[in-house]
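Commentary on secondary and tertiary structure
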Amino acid sequence: MNFFKMKTSWTNAEFIVLKLCIATAYILIGTYFHNFFRTYWVPVLLVFVITVVWSVYLWITKMMKEKQK
């Protein structure tokens, strides 16, 4: 299966979820090094997990729609 060769198109609004996911991942990495973010690691982790699941869901549904065409 050519899973990584399939092409999809994303709107700017859908990129917000992906960018938020990436940003929270960087903040989580930053919590390891800075004491300021250590107190907020649970909410940041929660946002990260939600946006990862949401991004993967959007990606897979878009790929399935493109495959059906």
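Note that the coordinates shown come from a computational prediction; the quantities given were computed from them, not determined experimentally.

1. Considerations on the overall build of the chain
- Across its full length, the chain carries 3 helices and 0 strands.
- Start at the N end of the chain and walk to the C end: the helices and strands fall as α-α-α.
- The C-alpha atoms of the chain give a radius of gyration of 15 Å, which is well past the 11 Å a tight globule of 69 residues would have.
- Buried positions account for 19% of the 69 residues belonging to the chain.
- Counting contacts in the chain only where the partners sit at least 6 residues apart, residues at least 24 apart contribute 68% of the total.
- Entry remark: accessible area of the chain is about 5800 Å², with carbon and sulfur atoms responsible for 71%.

2. Some thoughts on the packing of helix α1 (residues 12-31) against helix α3 (residues 41-68)
- Between α1 and α3, the shortest axis-to-axis distance is 8 Å and the interhelical angle comes to 145°. Crossing angle aside, the handedness with which α1 passes α3 is left-handed. On the side of α1, the interface is formed by Glu14, Val17, Leu18, Leu20, Cys21, Thr24, Ala25, Ile27, Leu28 and Thr31, while α3 contributes Trp41, Val44, Leu45, Val47, Phe48, Thr51, Val52, Trp54, Ser55 and Lys62.
- Tallied by class, the residues present in the contact of α1 with α3 amount to 14 nonpolar, 4 polar and 2 charged.

3. Details of a nonpolar patch on the surface
- A contiguous nonpolar patch, built from Ile22, Tyr26, Ile29, Tyr32 and Phe33 and spanning about 650 Å² of accessible area, is present on the exposed surface.
- Here Tyr26 is to be found in helix α1.

4. Topic: the environment of Met63
- Looking at where Met63 falls in the secondary structure, it is placed in helix α3.
- Note on Met63: relative accessible area 1%, which makes it buried.
- A C-alpha to C-alpha distance of 32 Å links Met63 and Trp41, two positions 22 residues apart in sequence.

5. Focus on α1
- Between the first and last C-alpha of α1 there are 29 Å, a value that for 20 residues agrees with the 28 Å anticipated at 1.5 Å per step.
- Of all the positions in α1, only Glu14, Val17, Cys21, Thr24, Leu28, Gly30 and Thr31 are classed as buried.

6. What to know about the environment of Trp54
- If you trace the backbone, Trp54 turns up in helix α3.
- Distance from Trp54 to Leu18, taken between C-alpha atoms, is 8.4 Å for residues 36 residues apart in sequence.

What counts as what
Residues numbered from 1 in each chain as written. Predicted model: local features only at pLDDT ≥ 70, side-chain atom pairs only at ≥ 80, totals over all residues. Heavy atoms only, no water. Helix = DSSP H or I, 4+ residues; strand = E, 2+ residues; numbered from the N terminus. Rg over C-alpha atoms; globule rule 2.2 N^0.38 Å. Buried < 20%, exposed > 50% of the residue type's maximum accessible area, 1.4 Å probe, protein only. Contact = heavy atoms within 4.5 Å. Areas by Shrake-Rupley, 256 points an atom, 1.4 Å probe, with all protein chains shown as cover. Axes fitted to C-alpha atoms, helices over the stretch in contact; angles between N-to-C directions. Left-handed = near helix turned anticlockwise from the far one by under 90°. Nonpolar A, V, L, I, M, F, W, Y, C, P; charged D, E, K, R; others polar. Patch = residues over 30% accessible without salt bridge, like charges linked within 9 Å, V, L, I, M, F, W, Y side chains within 5 Å. Salt bridge = Lys/Arg side-chain N within 4 Å of Asp/Glu carboxyl O. Expected span 1.5 Å × (residues − 1).

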